[in-house]
Amino acid sequence: MRVFETREVFALVLSQTPNRADDAPAGAPSSVARAAALDRTGPGLRDRLLRAERFITGSLPADVLRNVRVELVASIFFGPFYAALLFIPVVLQRLGASPDLVALYQSQSYIGLFLAAFSVMILPRRRLLLALAVIWTVGRGAFLFTKLWPTAVGLLVLSAIYWLSDGFPGSIYTEVVRRAYPAEVRGRALSAVRAGMALSMLAFTPLAGWLLDTAGHGVLFPLAGACGIVAAWIFTRMRIGADPAPAMKAPQHSLGELWRILRRDSRFVLHLLSVVCFGLGSLVAIAFYPAVLVDRLHLSYAEVSWLSLAQSVAWILGLVIWGRAMDRKGVLWLLRAAYLISAIAPIAFLLADSGWWLALAYLAQGLAAGAVDLGFTSASIDFADPDHVYEYAALQRTVIGIRGLIGPFLGVWLSYLGVPVAWVFILGAALLVLGAVLVSRVKPAQ
């Protein structure tokens, strides 16, 4: 399937907008003009796009389909930004960063998640899309200044600003997903959106590697940041229903409610324990991955980009499967599968004596990434009642943040204590399997 051209996707989005006078701003094109714009994309291309869409999503209500298409366009612009982020550990290694600094980067990506518990008291309950766009713009815009601070320390500071803005407002995004996509079609809707992002990454990743080899990270990251900002504002075109009227009594959100959830919901606590095992297993050896790429196998940026390309292909193929699987079998089944597949990666890095072993690791990570993304986004919604989605999402994100802050340093600390790096890789695989066992013990909702 070819990567969508922006104007073609916008035409498809507009074609699903209800033809009502009170929905159309002044000067907006008429339905006839929109149809003409769609026709100019060519019936063959349009048919292929629609068939691909139906293959992933099946039949969706018109309002849900419109939101899918809007978020799909945003995700296509976000893809280059996220693809560039995948190179940061390797860039840090090339800039002479120690394993401690690489671990610091991997850890700081969880700063916003760690602080998510406090978001229930701070984040707005109204104009959610605008709030997200503003916060995301600040974070993604930090990379526009990479050229002014091109050192390893500078890259760490700029990326810390981004990761804070990405993780902290996650409860808002979870609420947007709950309103935009009904539970019975949520897996398919989200998989279509993530597939657009993965396709965009697939197209951009080789270019990112080439830009790093020829122009450097001072060029790549500002370009990627600009794409991320555009994605943030396209996202505001989603339709999630009217905000609650000011006169209505809103649910009370407090830190005390978080503790009450932990005391009364044993199913969610067991899920959170599995999340901890998954996170530690994924992160305990991650500070040593760049050393395998650069020091053991001496791969160039271009070669690393091909591995990332393989990961994106696996991500796309996985999303085609995972969305429907989640709608049929549930989020717990999905997470169990993701944890087991993830265990392949640390073993492959341990045994790697050529790029082929790493291809296996990247393929496993790609397959698992789509499942984990869909699973974590949906889990907090599925466990929570509608009035407490913020709290469940904040708790899950805080747990992810805590283990994310600890995980990358854990392997480094163990190596300083004399534990061979090989055993750190094995520990990672064992923790991932343990996570799968724990999530298997979570009883399905009655």
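Residues numbered from 1 in each chain as written. Predicted model: local features only at pLDDT ≥ 70, side-chain atom pairs only at ≥ 80, totals over all residues. Heavy atoms only, no water.

### Quick notes on the overall build of the protein
So, step 1. Helix and strand counts for the protein stand at 22 helices and zero strands.
So, step 2. Split into buried and exposed, the 446 residues of the protein put 56% on the buried side.
So, step 3. In the protein, the proportion of contacts linking residues at least 24 apart, taken out of those at least 6 apart, comes to 87%.
So, step 4. With an accessible surface of roughly 18700 Å², the protein has 67% of that area assigned to carbon and sulfur atoms. (Helix = DSSP H or I, 4+ residues; strand = E, 2+ residues; numbered from the N terminus. Buried < 20%, exposed > 50% of the residue type's maximum accessible area, 1.4 Å probe, protein only. Contact = heavy atoms within 4.5 Å. Areas by Shrake-Rupley, 256 points an atom, 1.4 Å probe, with all protein chains shown as cover.)

### Looking at the packing of helix α6 (residues 99–108) against helix α10 (residues 152–167)
So, step 1. Orientation of α6 relative to α10, taken along the N-to-C sense of each, is 20°, at an axis distance of 9 Å. With respect to each other, α6 and α10 are oriented roughly parallel. Crossing geometry of α6 relative to α10 is assigned as left-handed. Across the interface between the two elements, Leu101, Leu104, Tyr105 and Gln108 from α6 touch Leu156, Ser159, Ala160 and Trp163 from α10. (Axes fitted to C-alpha atoms, helices over the stretch in contact; angles between N-to-C directions. Parallel < 35°, antiparallel > 145°, perpendicular 65-115°, else oblique. Left-handed = near helix turned anticlockwise from the far one by under 90°.)

### Considerations on the confidence of the model for the protein
Where the model shows low pLDDT, its predicted coordinates should not be examined in detail.
So, step 1. Of the residues in the protein, 82% reach a pLDDT of 70 or more, and the chain-wide mean stands at 80.
So, step 2. Low confidence marks residues 1–35, where pLDDT is under 50. Its contacts with residues over four positions away, or in another chain, come to 46 contacts. (pLDDT = per-residue confidence, 0-100.)

### A short note on the packing of aromatic side chains
So, step 1. In the structure shown here, the tally under the stated rule is 19 aromatic pairs.
So, step 2. An angle of 5° between the planes, with centres 5.9 Å apart, marks the rings of Tyr289 and Phe425 as stacked. Of this pair, Tyr289 sits in helix α16 (residues 289–296) while Phe425 sits in helix α22 (residues 421–440), and the two are 136 residues apart along the sequence.
So, step 3. Tyr289 gets classed as buried once you look at its relative accessible area, which sits at 8%.
So, step 4. In this structure Phe425 comes out as buried when scored by relative accessible area, which is 1%.
So, step 5. Taking the centre distance of 5.7 Å and the plane angle of 20° together, the rings of Phe409 and Trp413 count as stacked. Of this pair, Phe409 and Trp413 are both found in helix α21 (residues 389–416), four residues apart, which corresponds to roughly one turn of the helix.
So, step 6. By relative accessible area, Phe409 is classed as buried at 17%. (Phe/Tyr/Trp six-rings, centres within 6.5 Å; stacked < 30°, edge-to-face > 60°.)

### Brief notes about the pattern of salt bridges
So, step 1. Per the counting criterion, the structure on display carries six salt bridges.
So, step 2. Among the charged side chains, a salt-bridge network with shared partners connects Glu71, Arg194 and Asp373. (Salt bridge = Lys/Arg side-chain N within 4 Å of Asp/Glu carboxyl O.)

### Observations regarding α22
So, step 1. In this model, α22 (20 residues) spans 30 Å end to end at C-alpha, consistent with the 28 Å of a helix rising 1.5 Å per residue.
So, step 2. Those residues of α22 not exposed but buried are Val424, Phe425, Gly428, Ala429, Leu431, Leu432, Gly435, Ala436, Leu438 and Val439. (Expected span 1.5 Å × (residues − 1).)

### Details of the nonpolar core
So, step 1. In this structure, Val176, Tyr181, Phe235 and Leu358 are the most contacted members of the largest nonpolar core, which totals 131 residues.
So, step 2. Those residues in contact with Tyr181, other than ones at most four positions away along the chain, are Val64, Asn67, Val68, Glu71, Arg186, Ala189, Leu190, Val193 and Met238. (Core = buried A, V, L, I, M, F, W, Y, C linked by side-chain atoms within 4.5 Å.)

### Overview of the side chain of Arg186
So, step 1. As for its placement among the helices and strands, Arg186 is situated in helix α12 (residues 186–214).
So, step 2. If we ignore the near neighbours within four places in the chain, the residues touching Arg186 are Val177, Arg178, Tyr181, Met326, Asp327, Ser378, Ile381 and Asp382.

### Here we look at the packing of helix α15 (residues 266–283) against α22
So, step 1. Running from N to C, α15 and α22 point in directions that differ by 165°, and their axes come no closer than 7 Å. Between α15 and α22, the interaxial angle falls into the category roughly antiparallel. Remark: the crossing between α15 and α22 carries left-handed chirality. Mapping the contact onto sequence places Leu270, Leu273, Ser274, Cys277, Phe278, Leu280, Gly281 and Ser282 in α15 and Gly428, Leu431, Leu432, Leu434, Gly435, Leu438 and Val439 in α22.
So, step 2. Here the contact of α15 with α22 is built from residues that sort into 10 nonpolar, five polar and no charged. (Nonpolar A, V, L, I, M, F, W, Y, C, P; charged D, E, K, R; others polar.)

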